[in-house]
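Okay, here's what each chain looks like letter by letter:
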Amino acid sequence: MKKQVVFILMMVFTLVLAACSGGGQTSSGNNTNGGDGGSSSGDSNAPIESFTYASTSDVSGLSPILTNDSVSANVIEHVYETLFSRDPETGEIIPELAVSFENPDDTTWVIKLREGVTFHDGTPFNAEAVKYTFDKLRDPETAAPRASLLEPVDEITVIDELTVEITTIYPYGPFLASLAHANAAIVSPTADQQQDLMKDPVGTGPFKFVSYTPGDEVVLEPNEDYRNGAPQIQRLVFKVVPEVSTAISMLQTGEVDFIDNLPSEQMKRIESLNNVDLLKQDGTAVFYLTFNHSRPENQDEEFRKAVAASIDRDAFVAKLNGLGVRSDSILGSKVFGHDPSKDNGAQAYDLELASELVEKNNYKDRPIKLLTPNRSNFMLMAEIVQAQLAEAGFVVQIDSMEWATFLDTARSGEYDMTFLSWSNLTQDGSEMFYPNLHSDNIGSSNRAQFNNPAFDELVDASRVSIDPAERLQLLDDANAILLEENAAIAMYHGVVTGAVNNQYTGLILEANGKWNVKNITRK
């Protein structure tokens, strides 16, 4: 009944997201082949004996159902697959393990599945596997960290071997984006019932699990039966290298082939390596300063305006060595819901105005506790903002702590102001606004304790609409409320970065920070 609506929905998504897409792999083009990492064989079809990625952290586990961190996701996305994915070139949501979908009505999703796919253990991929995975993901007893991806789901029904019907409690616009998330990847029911997928994963992806040595490495091998052809990499290693400076040295010597999330203070060193291609593109992550909105003093509009006017974000972004994008908008250019008019839509830097408001309201008599994790980019933000607020007359004390403690402290509201971030893997604005700023999530993921009924109403409407044009407007209106009230101050939007041995090509690097090496070949 609504096949035409579905087609139009997909086309609008394609046009809107393609307009702001930066493509998959981006190279600075300032390096040449044949550096310290070894020379190219000259045969693009030759097997690659080994390819090593270095991460400063170890995986927390290898099950898409039971994890929710980017380090684990890097491995999971090579072993498992989702029903849908995002085209890294256009940003369009496209079928992966699915082949098509239709909406007979606003709350029904009939999904046709790919034929002839098997899990690495020989179990057939089918509608039963989809139902098994999604039922377990949303089962409260599982306590899945990202069960919220399927929060709107009412029932999952197997129609036939290759057709699954999913009904939602209410219309849910970001549903396909949720199904493209790594934590919605499909697991082998047989394997899940026989072994611990956190240590021994089984998916349908281009690589198969070989071994995991905690604190050291995860090793994968090619899936020789992969439908699109086996990867050329014969041994894919995810190596734990705690110090990023050590990882860069290993990249230079050829012990490591790829690193990502390049630190701004190391960019000049990385750019000088003659065996490395630098990858860079605008990303979906946003880093922002916000208030503990549950405190009465922070509900003072002039106080928030004075803070916003004190902060010279241009000066801060200039210190990021090209690894940050300046925009007032809470939704960045790679996120569905972004409107370019909001890039300059918030309170501008105005030290004179800020000083006047501080003096008028005696804000200098109200010491501010500025909470921050002790990570380098957050500490840089904290130190610069502390100095800028002091220049306007505020008295600010930085309270820094390690990441896990920071998250608990922010959640419990033990601060005045804090820095938060969101990587937004779904690339959908409502999936930024709902978990982080909707009143439903105060006490959990809404660490800002923000509570605005008008904002909530707009975000709720953006979630239940399946009309992309309507959703764009709703998200833009919600964004406007945040900017008008100085409820959150966007410090910068992230730039996705990587450095890869320049004898290789084909690495896929996406705006949301995801990457994949299944298509890598020698140059």
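Above this text you will find the structure in question.
Residues numbered from 1 in each chain as written. Predicted model: local features only at pLDDT ≥ 70, side-chain atom pairs only at ≥ 80, totals over all residues. Heavy atoms only, no water.

**Student:** Hey, could you run me through unusual backbone geometry in this one?
**Tutor:** Comment: phi is negative for the bulk of residues other than glycine, and the bulk of peptide bonds are trans. Unusually for a residue other than glycine, Asn261 sits at a positive phi of about 50°. Relative to the helices and strands, Asn261 is located in the loop between β11 (258-260) and α7 (267-271). Taking the relative accessible area as the measure of exposure, Asn261 reaches 62% and is therefore exposed. Positive phi values are uncommon outside glycine, yet Asn424 reaches one of about 55°. In this fold, Asn424 is placed in the loop between β16 (417-422) and α13 (430-437). On the basis of relative accessibility, which here comes to 3%, the residue Asn424 falls in the buried class. (Helix = DSSP H or I, 4+ residues; strand = E, 2+ residues; numbered from the N terminus. Buried < 20%, exposed > 50% of the residue type's maximum accessible area, 1.4 Å probe, protein only.)

**Student:** Can you walk me through the environment of Phe433 in this structure?
**Tutor:** With respect to the helices and strands, the residue Phe433 is situated in helix α13. For Phe433, a relative accessible area of 0% puts it in the buried group. Linking Phe433 and Asn446, residues 13 residues apart in sequence, is a C-alpha distance of 9.2 Å. Not counting chain neighbours up to four residues away, the residues in contact with Phe433 comprise Ile330, Leu331, His438, Phe455, Val459, Leu475, Ala478, Asn479 and Leu482. (Contact = heavy atoms within 4.5 Å.)

**Student:** How do you make sense of the side chain of Glu81 when you look at a structure like this?
**Tutor:** Relative to the elements of secondary structure, Glu81 occurs in the loop between α2 (70-79) and β2 (84-86). Side-chain polar atoms of Glu81 contact the side chain of Thr204, separated by 2.7 Å. A distance of 2.6 Å separates a polar atom in the side chain of Glu81 from a polar atom in the side chain of Tyr226. (Polar contact = N/O pair within 3.5 Å; in protein donor to acceptor, adjacent residues only side chain to side chain.)

**Student:** Got a minute to help me understand the sheet that holds strand β7 (residues 163-168) in this structure?
**Tutor:** To summarise the sheet geometry, strands pair through backbone hydrogen bonds and adopt either a parallel or an antiparallel arrangement. The four strands lie next to each other as β4-β5-β7-β6, forming an open sheet whose pairing is antiparallel. Looking at strand neighbours, the two that pair on one side only are β4 (98-105) and β6 (153-160), the edges of this open sheet. Taken pair by pair, the neighbouring strands of this sheet meet at an average axis angle of 20°, ignoring direction. Pairing analysis gives five bridges linking β4 to strand β5 (residues 108-113), with the strands arranged antiparallel. In the strand pairing of β5, Ala98 is matched with Leu113. Contacts from helix α3 (residues 127-138) reach β5, β6 and β7, with the element oriented near 165° to β6. (Pairing = 2+ DSSP bridges. Axes fitted to C-alpha atoms, helices over the stretch in contact; angles between N-to-C directions.)

**Student:** What is the right way to read α13 from this model?
**Tutor:** Think of an α-helix as turning once every 3.6 residues; residues three or four places apart then point the same way. Within α13, eight of the eight residues are buried, leaving the element largely enclosed by the surrounding structure. Buried within α13 we find Ser430, Glu431, Met432, Phe433, Tyr434, Pro435, Asn436 and Leu437. Each element contacted by the buried residues of α13 is listed here: β12 (276-291), β16, α14 (453-464) and α15 (468-484).

**Student:** Honestly, the pairing of β5 in this entry has me stumped. Any pointers?
**Tutor:** Each regular strand carries side chains that alternate between the two faces of the sheet. Counting buried positions along β5 gives five out of six residues, so the element sits mostly inside the fold. Between β4 and β5, which follow one another and run antiparallel, lie two residues. One ladder, built from five bridges, connects β5 with β7; its direction is antiparallel. When the sheet's bridge partners are listed, Lys112 is paired in β7 with Thr163.

**Student:** Just to check I follow, could you spell out the packing of aromatic side chains for this structure?
**Tutor:** Remark: the centre distance and the inter-plane angle together describe each pair of aromatic rings, the angle taken between the planes. Taken as a whole and assessed by the stated rule, the structure comprises 21 aromatic pairs. Look at Phe316 and Tyr492: their rings are 5.7 Å apart centre to centre, the planes differ by 50°, and that puts the pair in the tilted class. Of this pair, Phe316 sits in helix α9 (residues 313-318) while Tyr492 sits in strand β17 (residues 488-501); the two residues are 176 residues apart in sequence, bridging distant segments of the chain. In textbook terms, an aromatic cluster arises when at least three aromatic residues are bridged by ring pairs, as seen for Phe84, Phe101, Trp109, Tyr170, Tyr172 and Phe175. The ring centre of Phe303 lies 4.5 Å from the NZ or CZ of Arg366, which sits over that ring. The ring centre of Tyr434 lies 3.8 Å from the NZ or CZ of Arg463, which sits over that ring. (Phe/Tyr/Trp six-rings, centres within 6.5 Å; stacked < 30°, edge-to-face > 60°. Lys NZ or Arg CZ within 6 Å of the ring centre and 35° of its normal.)

**Student:** Looking at this structure, I do not really get the environment of Ala390. What am I missing?
**Tutor:** Relative to the helices and strands, Ala390 resides in helix α11 (residues 376-392). Relative accessible area serves as the criterion here: at 44%, Ala390 is assigned to the partly exposed category. For the pair Ala390 and Asn446, spaced 56 residues apart in sequence, the C-alpha separation works out to 28 Å.

**Student:** Looking at this structure, I do not really get the pairing of β12. What am I missing?
**Tutor:** Across the 16 residues that make up β12, a large majority, 14, are buried. Taken together, the 12 bridges between β12 and β17 define a ladder with antiparallel strand orientation. The partner of Val286 across the bridge, within β17, is His493. Note: β12 against β16, six bridges, orientation antiparallel. Across the sheet, the residue bridging to Val286 is Trp422, located in β16.

Everything listed here is a matter of geometry and, on its own, says nothing about what the molecule does.
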